[in-house]
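Okay, here's what each chain looks like letter by letter:
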Amino acid sequence: MSALWPDHASHDEKVRRLFDDFDVRKARSIDLESFVSSFRRLNIGFSSATVNDLFEKADANNDRVISLPEFQRFGELYPTMLDCLYYRAKDHWTEVAQREAIEVARRLLEELRAREAQARAAHAQAQADTDAADHKLQSQLQLVADAQAREAAAKAALDAAHEDTERARGELRDRVAELNRAKDRERQKQIETAEAQRAVEVSARRLQQQEQEIAKAEERLREIERLLAEQTREVDLQRQNGERFRMELAQAQAREQDATMAENEARRDVHLAADRAAEGEADVAMKQERER
């Protein structure tokens, strides 16, 4: 706006600027209504009679409109009035431009504040989503840790059962060896038949007790297998909840397969020991039968 109303404008520039500003109808002439409204707009405190008198002085040919040449003549007759009108108009339009700029800045500020509020809300929502996802992840991790702890406890119980089975197998071997030694003594010393018979009976009772212990160990082993099966199902469920834990669950399954293979091997060993004990009992029975 300052470019349209320069401070050091020439007389002719001032005339043209004011004429265009007073020409509200853009008819290349200024009527009385436009002349009066322009004085009011520029906040010049002249009375209506004074403004009408100035219009008549500017309207040299009395055609009720002021042409550009007439307005130039008016400016030459009243240069101080022309300067006053020019700078009043300049100040008016500068103020209008400033108000418009302020309004644009205000709307822009409101828009930026609205965008800032939206961004803050989006950030808060994103933070809430992140917190919820982190909480869910921690819950999944805790579930997997619990399942692994239960699996470790089941494995420890299975290992204890395996140790009990191995110990029972060793005791069974000792009993079978003792039974064989009794048989050897019976063959070597028939005069000690009665004593050997008692030893055989004692060994048979011990063998029966050992078989009962083996049965109990197998029962514990089956219970451990059931617990291990439950843990396996829980681990499978946790595997579905989190893809990232697939590798750990695969390792747990590998350990489970190893435990199952060890369990099957222990079972085969128990059955083999039982078969050997049965053979020992058969031999004892045959010996007793021959003695009778």
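Check the entry above for the structure.
Computed from a predicted structure; not experimentally measured.

(A) Region of interest: the environment of Leu42. Within the fold, Leu42 resides in the loop between helix 2 (32–41) and helix 3 (48–58). Contact partners of Leu42, with chain neighbours within four places excluded, come to Phe22, Leu85, Arg88, Ala89 and His92.

(B) Quick peek at the packing of aromatic side chains. The final tally for this structure, using the stated rule, is 11 aromatic pairs. Centre to centre, the rings of Trp5 and Tyr86 are 5.3 Å apart; their planes meet at 55°, and the pair counts as tilted. One end of the pair, Trp5, is in the segment before helix 1 (11–22); the other, Tyr86, is in helix 5 (residues 79–188), with 81 residues separating them in the sequence. Each member of the pair Trp5 and Tyr86 is classed as buried. An angle of 75° between the planes, with centres 5.9 Å apart, marks the rings of Phe22 and Phe39 as edge-to-face. Of the two residues, Phe22 is situated in helix 1 and Phe39 in helix 2; the sequence distance between them amounts to 17 residues. Just as Phe22 is buried, Phe39 falls in that class too. Cation over ring: Lys14 sits above Tyr86, and NZ or CZ is 5.7 Å from the ring centre.

(C) Seen up close, the side chain of Glu70. Locating Glu70 in the fold gives a position in helix 4 (residues 68–77). Polar contacts involving the side chain of Glu70 include one to the main-chain amide nitrogen of Ser67, which spans 2.9 Å. What Glu70 contacts, discounting residues up to four positions off in sequence, is Ala58, Asp59, Ala60, Asn61, Asp63 and Val65.

(D) Quick peek at the packing of helix 2 against helix 3. Helix 3 packs onto helix 2 with a crossing angle of 130° between their chain directions and a minimal axis gap of 10 Å. When the interaxial angle is binned, helix 2 and helix 3 end up oblique. The two elements helix 2 and helix 3 cross, and the hand of that crossing is right-handed. Every residue of helix 3 that contacts helix 2 at Leu32, Phe35, Val36 and Phe39 is listed here: Val51, Asn52, Leu54 and Phe55. Broken down by class, the residue content of the contact of helix 2 with helix 3 amounts to 7 nonpolar, 1 polar and no charged.

(E) Inspection of the nonpolar core at higher detail. Within the largest apolar cluster, 24 residues are counted, with the highest numbers of intra-cluster contacts made by Leu18, Phe22, Phe35, Phe39, Phe71 and Leu85. Elements with a contribution of two residues or more to this core: helix 1, helix 2, helix 3, helix 4 and helix 5. Considering each element in turn, this core owes the most residues, 5 residues, to helix 5. When residues no more than four places from it in sequence are discounted, the contact partners of Phe71 are Val15, Leu18, Phe19, Ile30, Ile66 and Leu82.

(F) View of the pattern of salt bridges. What the rule picks out here adds up to 19 salt bridges. Put simply, Lys90 and Asp7 hold a salt bridge, and the shortest N to O gap is 3.1 Å. You can see Lys90 sitting in helix 5 and its partner Asp7 sitting in the segment before helix 1, a full 83 residues away along the chain. A relative accessible area of 12% places Lys90 in the buried class. The class for Asp7 is partly exposed, based on a relative accessible area of 43%. For Asp20, the salt bridge is made with Arg28, and the minimal N-O distance between the two is 3.2 Å. For Asp20, a relative accessible area of 32% translates into the label partly exposed. The class for Arg28 is exposed, based on a relative accessible area of 52%. Residues joined by salt bridges that share partners form a network here, namely Glu103, Arg106, Arg107 and Glu110.

Rules of the game
- Residues numbered from 1 in each chain as written.
- Predicted model: local features only at pLDDT ≥ 70, side-chain atom pairs only at ≥ 80, totals over all residues.
- Heavy atoms only, no water.
- Helix = DSSP H or I, 4+ residues; strand = E, 2+ residues; numbered from the N terminus.
- Contact = heavy atoms within 4.5 Å.
- Phe/Tyr/Trp six-rings, centres within 6.5 Å; stacked < 30°, edge-to-face > 60°.
- Buried < 20%, exposed > 50% of the residue type's maximum accessible area, 1.4 Å probe, protein only.
- Lys NZ or Arg CZ within 6 Å of the ring centre and 35° of its normal.
- Polar contact = N/O pair within 3.5 Å; in protein donor to acceptor, adjacent residues only side chain to side chain.
- Axes fitted to C-alpha atoms, helices over the stretch in contact; angles between N-to-C directions.
- Parallel < 35°, antiparallel > 145°, perpendicular 65-115°, else oblique.
- Left-handed = near helix turned anticlockwise from the far one by under 90°.
- Nonpolar A, V, L, I, M, F, W, Y, C, P; charged D, E, K, R; others polar.
- Core = buried A, V, L, I, M, F, W, Y, C linked by side-chain atoms within 4.5 Å.
- Salt bridge = Lys/Arg side-chain N within 4 Å of Asp/Glu carboxyl O.

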